[in-house]
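Coordinates in review
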Amino acid sequence: MQSNLSDRHEKSSLGDLGVRIQNPIFKTLSAIADKNNTEAYVIGGFVRDLFLNRPSKDIDVVVVGSGIDYAEAVGRKLNTKVAIFKNFGTANIKIGDLEIEFVGARKESYRSESRKPIVEDGTLKDDQLRRDFTINALAIHLNENHFGELLDPFNGIQDLENKLIRTPLDPEITFSDDPLRMMRAIRFATQLNFNIDEAAINAIKTQKERIGIVSKERITDELNKIILTKKPSVGFKILFDTGLLHIIFPQMAQLYGVDIIKGKGHKDNFYHTLEVLDNICASTDDLWLRWAAILHDIAKPATKRFEEGHGWTFHGHEDKGARMVPKIFNQLKLPLNEKMKFVQKLVQLHLRPIVLAQDTVTDSAVRRLLFDAGEEIESLMLLCNADVTTKNEYKKAKYRNNFELVKQKLAAVEERDKLRNWQPPITGNDIMETFALDAGKEVGIIKSAIREAILEGEITNDYNEAFNFMLNLAKQMGLNPVNK
């Protein structure tokens with residue numbers, strides 16, 4: 001199917017593509033294509049995003065022939081470097097803030113044990129057939145005689161207007177060939193606020209086990225893109241409903257469900273987690289803070305108990321959850337560095353501000369929270385605020401008001417006592433040198449006592465006060481300074 005772009009636009013409410021294709025780079029690409037007797041097209045996500053009025057700096061150009069040869073001709077004309085990837089048959093050029101990838105049109109066939117296709121040269125139609133979704137198969141002609149014509153063989157424009165994710169081929173084949181496309185379908189649906197075609201949803205359900213041939217890194221890359229959307233709960237619900245979540249992230253799927261004993265039930269921790277995640281997304285774009293929201297209650301299934309006369313409890317789920325974080329990060333091939341430690345710390349501490357908000361906020365409790373949270377205190381408060389998901393508006397207002405009091409108290413104590421990322425004014429070396437001690441139990445006792453005295457407000461966070469406190473304590477222990 002081939003139609004003039006402006007004619008197509010007259011039938012569409014999706015934006016003024018005709019104007020935006022006038023970027024000078026496209027005329028340059030057109031002239032070089034004609035000079036080299038090459039058919040060239042802009043294809044894929046850039047075209048889709050033009051219609052959706054979404055910014056895009058990545059341009060995919062497909063040519064009938066050698067994409068590398070065409071890219072080299074473009075590089076010579078623009079006097080710019082061309083990065084060539086012979087193994088993939090692609091080339092890349094950066095021009096200002098644009099990145100252009102060139103590839104020859106190709107057709108693909110797959111083996112059942114791999115998502116890596118067998119690639120052959122092909123026509124534009126072959127290339128469009130191999131695309132994952134109809135909205136990503138749209139192509140715009142670049143050659144002068146047809147400049148700006150849209151080639152839309154699978155009614156991708158109609159799917160854009162209907163906000164629908166649909167595959168060019170039978171979705172059973174599309175997802176079996178490359179199972180990562182199941183994740184991509186869910187990611188695009190979440191990013192664009194589109195629905196997934198019913199046949200495609202059913203195909204994900206039947207092909208979900210095929211995700212096992214995809215590397216964890218590629219799966220997690222798509223998962224992170226879902227998490228970074230405006231409302232990631234949309235994607236997680238689809239992942240759960242299709243059964244993919246049970247395979248790629250079973251610990252999260254296990255949060256689902258409500259047990260009832262003697263008429264007492266608990267909230268569904270899966271949907272609670274999604275609500276917390278959406279809540280925190282309104283406050284931050286930080287991927288790792290969003291991961292902390294996902295994992296904050298991850299140990300509730302393992303710690304769930306029914307207590308007679310009380311109901312359901314999840315005692316210690318913050319401690320067990322923190323211990324689960326490294327294993328989950330390793331399982332998902334997420335970084336095992338300070339990012340993981342950040343998430344682990346927030347999972348460990350996520351109940352602390354809530355307890356403070358429910359109770360009388362003492363300076364001592366605030367000092368301990370500042371001491372334990374350090375630089376992560378603001379992130380922790382964001383997480384705890386997002387964790388208030390009660391439907392009782394009175395309770396919600398009460399918690400949030402109390403959180404404000406906690407934040408004010410934190411600011412006041414921090415200003416006065418300087419406890420963030422606190423290092424004790426008296427170190428273990430100071431203690432050993434003062435009393436001529438070797439490292440051991442007595443040094444630990446004195447060091448802990450100084451820390452507790454400062455956190456309890458018995459002495460201030462000051463070297464001289466801490467030193468005098470140490471001398472008095474040591475005397476009670478029968479220790480005398482060697483230089484006194």
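In this text, all values refer to a predicted model and were calculated from it rather than measured experimentally. (Residues numbered from 1 in each chain as written. Predicted model: local features only at pLDDT ≥ 70, side-chain atom pairs only at ≥ 80, totals over all residues. Heavy atoms only, no water.)

When helices and strands are counted, the chain shows 26 helices and 16 strands. Among the 484 residues that make up the chain, the fraction classed as buried is 49%. Considering only contacts in the chain between residues 6 or more positions apart, those separated by 24 or more positions represent 66%. Surface accessibility of the chain: about 23700 Å² in total, with carbon and sulfur atoms responsible for 47%. (Helix = DSSP H or I, 4+ residues; strand = E, 2+ residues; numbered from the N terminus. Buried < 20%, exposed > 50% of the residue type's maximum accessible area, 1.4 Å probe, protein only. Contact = heavy atoms within 4.5 Å. Areas by Shrake-Rupley, 256 points an atom, 1.4 Å probe, with all protein chains shown as cover.)

Reading fine detail from the predicted coordinates is not recommended where pLDDT is low. Looking at the chain, the pLDDT average stands at 86 and 89% of residues meet or exceed 70. Confidence drops under pLDDT 50 across residues 1–16; counting only partners more than four residues distant or on other chains, this segment forms 37 contacts. (pLDDT = per-residue confidence, 0-100.)

Another aspect to go through is the side chain of His 272. Structurally, His 272 can be placed in helix α15 (residues 269–281). A distance of 3.4 Å separates a polar atom in the side chain of His 272 from a polar atom in the side chain of Asp 297. Of the polar contacts made by the side chain of His 272, one reaches the side chain of Asp 387; its length is 2.9 Å. Excluding residues that lie within four positions of it along the chain, His 272 makes contacts with Lys 267, His 296, Asp 297, Asp 387 and Thr 389. (Polar contact = N/O pair within 3.5 Å; in protein donor to acceptor, adjacent residues only side chain to side chain.)

A word on the pairing of strand β6 (residues 98–104). Within β6, five of the seven residues are buried, leaving the element largely enclosed by the surrounding structure. Relative to β6, strand β3 (residues 58–64) runs parallel, the two being bridged by six bridges. Each bridged residue has a counterpart across the sheet, and for Val 62 the counterpart in β6 is Val 103. The turn linking strand β5 (residues 90–95) back onto β6 is made up of two residues, and Gly 96 within it adopts a positive phi angle of 60°. (Pairing = 2+ DSSP bridges.)

The next subject is the pattern of salt bridges. Should their charged atoms come close, side chains of opposite charge can pair. As enumerated under the stated definition, the model contains 15 salt bridges in all. With its nearest N and O atoms 4.0 Å apart, the salt bridge here joins Asp 178 to Arg 181. Comparing Asp 178 with Arg 181, the two get one shared label, buried. A salt bridge links Lys 304 to Asp 259; the shortest N-O distance between them is 2.6 Å. Of this pair, Lys 304 sits in the loop between α17 (300–303) and β15 (305–307) while Asp 259 sits in the loop between α14 (250–253) and β13 (260–261); the two residues are 45 residues apart in sequence, bridging distant segments of the chain. Taking the relative accessible area as the measure of exposure, Asp 259 reaches 33% and is therefore partly exposed. Here the salt bridges do not stand alone but share partners, grouping Arg 48, Asp 49 and Arg 54 into one network. (Salt bridge = Lys/Arg side-chain N within 4 Å of Asp/Glu carboxyl O.)

Our next topic: the packing of helix α16 (residues 287–295) against helix α22 (residues 377–386). The interhelical angle for the contact between α16 and α22, taken along N-to-C directions, is 45°, at an axis separation of 10 Å. What the angle tells us is that α16 and α22 run oblique. Crossing angle aside, the handedness with which α16 passes α22 is right-handed. Residues Leu 289, Ala 292 and Ala 293 of α16 form the contact with α22, whose participating residues are Ser 379, Leu 382 and Leu 383. (Axes fitted to C-alpha atoms, helices over the stretch in contact; angles between N-to-C directions. Parallel < 35°, antiparallel > 145°, perpendicular 65-115°, else oblique. Left-handed = near helix turned anticlockwise from the far one by under 90°.)

Right, let's get into the environment of Asp 462. Structurally, the position occupied by Asp 462 is in the loop between α25 (441–455) and α26 (463–476). C-alpha separation for the pair Asp 462 and Pro 424, spaced 38 residues apart in sequence, amounts to 8.9 Å.

Let us now look at the side chain of Thr 284. As for its position among the elements, Thr 284 is in the loop between α15 and α16. By relative accessible area, which is 12% here, Thr 284 ends up buried. A distance of 2.9 Å separates the side chain of Thr 284 from the backbone nitrogen of Asp 286, its partner in a polar contact.

Right, let's talk about the packing of α25 against α26 for a bit. When two helices pack together, you describe them by how their axes are tilted relative to each other and by the distance separating the axes. Two elements in contact, α25 and α26, have axes separated by 10 Å at closest approach and are oriented at 130°. Considering the angle they form, α25 stands oblique to α26. The interaxial crossing formed by α25 with α26 has right-handed handedness. Residues Ile 446, Ala 449, Ile 450 and Ala 453 of α25 lie in contact with α26, whose contacting residues are Ala 466, Phe 469, Met 470 and Leu 473. Counted by class, the contact of α25 with α26 contains eight nonpolar, no polar and no charged residues. (Nonpolar A, V, L, I, M, F, W, Y, C, P; charged D, E, K, R; others polar.)

This next bit is on the nonpolar core. Counting 112 residues, the largest nonpolar core has Trp 291 and Leu 295 as the members making the most contacts within it. With 16 residues, the next largest nonpolar core counts Ile 426, Ile 431, Leu 437 and Ile 446 among its residues. (Core = buried A, V, L, I, M, F, W, Y, C linked by side-chain atoms within 4.5 Å.)

So, on to the packing of aromatic side chains. The tally for this structure, following the rule as stated, stands at 12 aromatic pairs. Measuring from centroid to centroid gives 5.9 Å for Phe 249 and Trp 291, while their planes differ by 50°, and the two rings are tilted. Linking Phe 249 in the loop between α13 (244–248) and α14 with Trp 291 in helix α16, this pair joins segments that are 42 residues apart in sequence. Of the two residues examined, Phe 249 and Trp 291, each falls in the buried class. Clustering of aromatic rings is evident, with ring pairs tying together Phe 240, Tyr 256, Phe 270 and Tyr 271. Cation over ring: Arg 187 sits above Phe 188, and NZ or CZ is 4.5 Å from the ring centre. (Phe/Tyr/Trp six-rings, centres within 6.5 Å; stacked < 30°, edge-to-face > 60°. Lys NZ or Arg CZ within 6 Å of the ring centre and 35° of its normal.)

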